[in-house]
Amino acid sequence: MPPTPRVALLERLAASDGRSGARDGIGGDHDAAVVRSVLFNLRRILNSREGAAQAQRDLGLPSPQDLLQNWPSSREGALTAIRRCIQRFEPRLTEVVVRAMPSTGELALSFQIAARLIGPGRIPISLTTAVTPDGRMSLS
């Protein structure tokens, strides 16, 4: 049986402030706390650039200019890069699928990410990301 996913250690420490019960989640419902933690981490890793972290040179994605160069012919490469980044740096997720969404504007690119939390409940997670004009990934 796969392990039950947990809230990241630094998030648990920041939330604990001496309260009992803060070891498993950030108060309240454990599953909701884990989902919030996963979303926080996804925002962080998808907005990191390869080579920017000295200790983990492969953390993050290529720059948006590199990732989306020659769009739409580069679409599969971009989807693969996003999926691999999530699979490598968010181990609490499994069955990761990344799809390009129909464009809502001339310069708007968005993706749907679907996955499941590891563990007994295998909670599904689905979110939409969009590349903002400044090259960041917004998640909703």
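Computed from a predicted model, the values in this text were never measured in an experiment.

With that settled, consider the overall build of the chain. When its secondary structure is counted, the chain shows four helices and four strands. Secondary structure of the chain in N-to-C order comes out as α-α-α-α-β-β-β-β. Per-residue burial for the chain yields a buried fraction of 36% across its 140 residues. Within the chain, contacts between residues at least 6 apart in sequence are counted, and of these 43% link residues at least 24 apart. For the chain, the accessible area works out to roughly 8300 Å², and carbon and sulfur atoms hold 54% of it.

Turning our eyes to something else, we now look at the pairing of strand β2 (residues 109–117). If a strand is regular, its side chains alternate between the two faces of the sheet. The pairing of strand β1 (residues 93–100) with β2 spans six bridges and is antiparallel. Residue T94 lies in a different strand from β2, and its bridge partner there is R116. Note: β2 against strand β3 (residues 124–131), eight bridges, orientation antiparallel. Looking at the pairing, L109 lines up with V131 of β3.

The tendency in soluble globular proteins is for nonpolar side chains to be buried as a group. Ranked by size, the top nonpolar core spans 25 residues in total, and within it L42, L46, I82, I86, L93 and M137 carry the most contacts. Breaking this core down by element, the ones donating at least two residues are α2 (30–46), α4 (75–89), β1, β2, β3 and β4 (137–139). Discounting chain neighbours no more than four positions away, the residues touching L46 are L61, I82, C85, I86, I113, T129, M137 and L139.

The residue N41 is located in helix α2 in this model. Judged by relative accessible area, which is 9%, N41 ranks as buried. Not counting residues within four places of it along the chain, the set of residues in contact with N41 comprises F89, E90 and R92.

Viewed as axis vectors pointing N to C, α2 and α4 meet at an angle of 125 degrees, and their least axial separation amounts to 10 Å. Considering the angle they form, α2 stands oblique to α4. Note on packing geometry: the crossing formed by α2 with α4 is right-handed. Taken together, the residues of α4 that come into contact with α2 (itself represented by N41, L42, I45 and L46) are I82, C85, I86 and F89. The residue makeup of the contact of α2 with α4, split by class, is seven nonpolar, one polar and no charged.

Another point: the environment of R99. On the secondary structure map, R99 appears in strand β1. Apart from residues lying up to four places away in sequence, R99 is in contact with L79, S110, F111 and Q112.

A few words on unusual backbone geometry. With a phi close to 55 degrees, E95 is a non-glycine residue in the positive phi region. You can see E95 is positioned in strand β1. Under the relative-accessibility criterion, E95 is labelled partly exposed at 43%. Positive phi, close to 45 degrees, is recorded for R122, a residue that is not glycine. Among the structural elements, R122 can be located in the loop between β2 and β3. In this structure R122 comes out as partly exposed when scored by relative accessible area, which is 33%.

So, how was this worked out
Residues numbered from 1 in each chain as written. Predicted model: local features only at pLDDT ≥ 70, side-chain atom pairs only at ≥ 80, totals over all residues. Heavy atoms only, no water. Helix = DSSP H or I, 4+ residues; strand = E, 2+ residues; numbered from the N terminus. Buried < 20%, exposed > 50% of the residue type's maximum accessible area, 1.4 Å probe, protein only. Contact = heavy atoms within 4.5 Å. Areas by Shrake-Rupley, 256 points an atom, 1.4 Å probe, with all protein chains shown as cover. Pairing = 2+ DSSP bridges. Core = buried A, V, L, I, M, F, W, Y, C linked by side-chain atoms within 4.5 Å. Axes fitted to C-alpha atoms, helices over the stretch in contact; angles between N-to-C directions. Parallel < 35°, antiparallel > 145°, perpendicular 65-115°, else oblique. Left-handed = near helix turned anticlockwise from the far one by under 90°. Nonpolar A, V, L, I, M, F, W, Y, C, P; charged D, E, K, R; others polar.

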